[in-house]
Amino acid sequence: MGHAERIIAQLEAAETELRARDGEVTGELRIGVPLHEGPSLVAPAATRLRALHPRLRVSLHGVTPAAGRESVRLGELDVALTARYSHVPHVDGPGLQEEELITDEIRLAVAPSHPLAERLGPCRTEELADLPWLLDRKTDLGRLALHVCADAGFAPDVVCDIGDMQAVLGLVSLGWGVALVPDLAPDRPDHPVARLSMDGHRLQRHTTLVVRAGITGSPAVTALLPLLREAAERLATARRNQAAE
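Residues numbered from 1 in each chain as written. Predicted model: local features only at pLDDT ≥ 70, side-chain atom pairs only at ≥ 80, totals over all residues. Heavy atoms only, no water.

Chemist: How should the overall build of the chain be read in this particular structure?
Modeler: Counting secondary structure elements, the chain contains six helices and nine strands. Across the 245 residues that make up the chain, the buried fraction comes to 47%. In the chain, of all internal contacts separated by at least 6 residues, the share reaching a separation of at least 24 is 74%. Total accessible area on the chain is roughly 12,200 Å²; 54% of this is exposed by carbon and sulfur atoms. (Helix = DSSP H or I, 4+ residues; strand = E, 2+ residues; numbered from the N terminus. Buried < 20%, exposed > 50% of the residue type's maximum accessible area, 1.4 Å probe, protein only. Contact = heavy atoms within 4.5 Å. Areas by Shrake-Rupley, 256 points an atom, 1.4 Å probe, with all protein chains shown as cover.)

Chemist: Which parts of the structure should I look at to understand the nonpolar core?
Modeler: One broad rule of soluble globular proteins: the nonpolar side chains tend to lie buried together. Counting residues in hydrophobic clusters, the biggest one holds 37 residues, and the most contacted among them are Leu108, Leu128, Trp133, Leu144 and Leu180. Put simply, the parts of the chain that give this core at least two residues each are strand S3 (79-85), strand S4 (96-110), strand S5 (132-134), helix H4 (140-151), helix H5 (165-173), strand S7 (179-182) and strand S8 (194-196). Listed in part, the 29 residues of the second largest apolar core include Val42, Ala220, Leu224 and Leu227. (Core = buried A, V, L, I, M, F, W, Y, C linked by side-chain atoms within 4.5 Å.)

Chemist: Honestly, the environment of arginine 188 in this entry has me stumped. Any pointers?
Modeler: Positionally, arginine 188 belongs in the loop between S7 and S8. If we skip the residues at most four places from it in the chain, arginine 188 touches Gln166, Ala167, Leu169 and Gly170. Looking at arginine 188, its side chain comes within polar contact range of the main-chain oxygen of glutamine 166, at 3.1 Å. (Polar contact = N/O pair within 3.5 Å; in protein donor to acceptor, adjacent residues only side chain to side chain.)

Chemist: Looking at this model, I keep getting lost on H5. Mind explaining?
Modeler: In an α-helix, one turn spans 3.6 residues, which is why side chains three or four residues apart end up on the same side. When you tally the buried positions in H5, you get eight out of nine residues, the bulk of the element. Looking at H5, one finds that the buried residues are Met165, Gln166, Val168, Leu169, Gly170, Leu171, Val172 and Ser173. Measuring from the backbone nitrogen of glutamine 166 back to the side-chain oxygen at the start of H5 gives 3.0 Å, which picks out aspartate 164 as the cap. The first or second residue beyond H5 is glycine 175, which carries a positive phi of 95°.

Chemist: How should I be thinking about a nonpolar patch on the surface in this particular structure?
Modeler: On the surface, Val159, Leu174 and Trp176 cluster together into a nonpolar patch covering about 310 Å² of accessible area. Note on placement: tryptophan 176 falls in the loop between H5 and S7. (Patch = residues over 30% accessible without salt bridge, like charges linked within 9 Å, V, L, I, M, F, W, Y side chains within 5 Å. Salt bridge = Lys/Arg side-chain N within 4 Å of Asp/Glu carboxyl O.)

The following block contains the structure:
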């Protein structure tokens, strides 16, 4: 952490302590929300937060996970929802702390008509060497897919480098290729896919809340965290029930 960032963190920590002594949740909380999955997790928690603490101004801002971290670091946002992926190196940003909310598995998505869709057990990565892939090399999920393929001794044939998960699921459903998809990524009702475990790999996504170090103990952040965890557990339960149907 640089000298200026340390000073900012100290000033924010002092202000946070004063707010915590007051006991009332007031001021403003600016939350960074990634598209698609973010609203289903953040919106219920933020709505309850507003109802419980009407004197707190809550605002939501659409961001990518990487941009969310940087916006929090620069003070443009107070907190942001983001994610870490197994097997993908991650460097902690200066002046930031992360609170883990939920962990979900990452599986291989294939079209319902694909022969692998009938597989009862996990599939081996080597079986996917000649298949077209959908992945975005600029995202951590795309880098995870590249790692899995490289570990199996091949470079994937990437036919689509779109990072939008809903677009990817739609194209997988139409038979464009295969893709790695987190369990909590919602299905598209009009574009079903089959999701398969990967043999020999424990692939996980850790969804976290990034917070600037100086405000981790603020009344607003302290009030938000349990609401986010409750929303995450409800989302996970609904996804498990859907998968079991």
